[in-house]
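Residues per chain, in single letters:
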Amino acid sequence: MRTVILGVVGSDAHVVGITILERAFEAAGFNVVNLGVQSSQSEFIEAADEHDAEAILVSSLYGHAEQDCQGFQQQINEAGLDVTTYIGGNLAVGQDSFEETRETFKALGFDRVFDSETDPEEAIEALKADLGHRSREEASSEKIQLGS
C-alpha cells in the first residue's frame, strides 16, 4: 500500500478539507498519515521519511501558503526524499488568476497545484498517474542497472 503524508501547513487551522481528503485517499487504497492542522515543513518531511511515503499532500485554506512553503522543496531535497508533492486549497489571498497561483507554486517545487474547488477524485487520479509513471521510471532504471 502506498503511503502519503497529508496535512495543513503553517498557522492554518482548517480541518474539514483534510478530513475529506483523508477519507477519499484511504478509500482509493492509500495509507494516509494525517498530520492534522498547523503542521510545519519539518513535520511533513520527518513523517515522509519515517513512513517511507511516496507523496506529500499539503493543504492550505487561509491564503498564506506561499509564505508557509518557501524553501520546502529545498528541505525535501536536503533530507534526500524522493516524493511527489501536491498542494491545494485557497492558496493566495485575493488571487486574480489561479494560473498565476499555480505557476507560483510550481516555481516553489510542487509537482501539482489544485484550487479549492478541486474534487478529491481528480487529485487521486493525478496521484495514481504520477506514482505509476514514477514506478515505471524506477523499474526502467533498475533494469538498466541490472543489465549493465
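Numbering of residues starts from 1 in every chain and runs along the sequence as written. Per-residue local features of the predicted model are confined to residues with pLDDT of at least 70, and side-chain atom pairs are confined, for both listing and counting, to 80 or more; whole-chain, interface and lining totals are unaffected and use all residues. Hydrogens are left out, water is left out, and the side-chain values use all remaining heavy atoms of the structure.

Here's the deal with unusual backbone geometry
Next, step 1: In this structure, Gln 38 is a non-glycine residue whose phi angle is positive, near 55°.
Next, step 2: Numbered from the N terminus, helices here are DSSP runs of H or I no shorter than four residues, and strands are runs of E no shorter than two. Along the polypeptide, Gln 38 turns up in the loop between β2 (31-34) and α2 (41-50).
Next, step 3: The residue Asp 52 is not glycine, and still its phi comes out positive at about 50°.
Next, step 4: Of note, Asp 52 is situated in the loop between α2 and β3 (55-60).

Brief notes about the sheet that holds strand β4 (residues 84-89)
Next, step 1: At least two bridges found by DSSP between two strands is the condition for calling them paired. Spatially, β2-β1-β3-β4-β5 is the arrangement adopted by the five strands of the open sheet, whose pairing is parallel. Pairing within the sheet leaves two strands with one partner each, and these edge strands are β2 and β5 (112-115). The mean inter-strand angle of the sheet, taken between neighbouring strand axes irrespective of direction, is 20°.
Next, step 2: Note on contacts: a residue pair is in contact if any heavy atoms of the two residues lie within 4.5 Å. Orientation is described by lines fitted to C-alpha atoms, with helices fitted over the stretch in contact, and by angles between N-to-C directions that extend from 0 to 180 degrees. Taken strand by strand, helix α5 (residues 98-107) contacts β4 and β5, and its axis lies near 145° from that of β5.

Looking at the environment of Val 15
Next, step 1: Note on placement: Val 15 falls in the loop between β1 (3-8) and α1 (16-27).
Next, step 2: For each residue, the accessible area found with a 1.4 Å probe, counting protein chains only, is set against the maximum for its type, and the residue is called buried under 20%, exposed over 50%, and partly exposed in between. According to the relative accessible area criterion, Val 15 is partly exposed, its value standing at 43%.
Next, step 3: Here the alpha-carbon distance between Val 15 and Ser 60, two residues 45 residues apart in the chain, equals 9.7 Å.

Considering the nonpolar core
Next, step 1: To define a nonpolar core, start from buried Ala, Val, Leu, Ile, Met, Phe, Trp, Tyr and Cys residues and group those joined through side-chain atoms within 4.5 Å. Counting 23 residues, the largest nonpolar core has Ile 5, Ile 56, Val 58, Phe 72, Ile 87, Phe 105 and Phe 110 as its most contacted members.
Next, step 2: Counting only elements with at least two residues in this core, the list comes to α2, β3, α4 (72-78) and α5.
Next, step 3: Take this core: its biggest share by element is four residues, from α2.
Next, step 4: Apart from residues lying up to four places away in sequence, Ile 5 is in contact with Val 33, Leu 35, Phe 44, Ala 47, Ala 48, His 51, Ala 53, Ala 55, Ile 56 and Leu 57.

Considerations on the layout of surface pockets
Next, step 1: Here the largest pocket is characterised by a volume of approximately 380 Å³.
Next, step 2: Along the walls of the largest pocket sit 21 residues, with Leu 21, Gly 88, Gly 89, Asp 115 and Thr 118 positioned nearest its centre.
Next, step 3: When contributions to the lining of the largest pocket are tallied by element, the ones reaching two or more residues are α1, β3, β4, β5 and α6 (120-147).
Next, step 4: Per-element tally for the lining of the largest pocket: the top contributor is α1, with five residues.
Next, step 5: Note on residue categories: nonpolar means Ala, Val, Leu, Ile, Met, Phe, Trp, Tyr, Cys or Pro, charged means Asp, Glu, Lys or Arg, and polar means any other residue, Gly included. Taken together, the residues that form the lining of the largest pocket break down as 13 nonpolar, six polar and two charged. Residues are called lining when one of their atoms sits within 4 Å of a cavity or pocket point, these points coming from a 1 Å grid over the protein atoms alone, where a cavity is a set in which a 1.4 Å probe fits but cannot get out and a pocket is an open set with protein on both sides within 12 Å along at least five of seven lines. Grid points are joined across faces, edges and corners, and a volume is the space filled by probe spheres set on the points.

Overview of the confidence of the model for the protein chain
A low pLDDT score tells you not to read the predicted coordinates there in detail.
Next, step 1: Values of pLDDT, ranging from 0 to 100, describe the predictor's confidence in every residue of the model. Considering every residue of the protein chain, the mean pLDDT works out to 90; 89% of them sit at 70 or more.
Next, step 2: Confidence drops under pLDDT 50 across residues 139-148; counting only partners more than four residues distant or on other chains, this segment forms zero contacts.

As for a negative patch on the surface
Next, step 1: To count toward a patch, a residue needs a relative accessible area above 30% and no salt bridge. Like charges then connect within 9 Å, nonpolar side chains (Val, Leu, Ile, Met, Phe, Trp, Tyr) within 5 Å. Using a 1.4 Å probe, accessible areas were evaluated by the Shrake-Rupley method; residue-level cover was limited to the displayed protein chains. We define a salt bridge as a contact between a side-chain nitrogen of Lys or Arg and a carboxyl oxygen of Asp or Glu at a distance within 4 Å. Positive charges come from Lys and Arg, negative ones from Asp and Glu, while His and the chain ends are left out of the count. All charge positions are set by atom: Lys at NZ, Arg at CZ, Asp at CG, Glu at CD. Residues Glu 43, Glu 46, Asp 49, Glu 50 and Asp 52 make up a contiguous surface patch of negative charge.
Next, step 2: Of note, Glu 46 is situated in helix α2.
Next, step 3: The exposure class of Glu 46 is exposed, given its relative accessible area of 51%.

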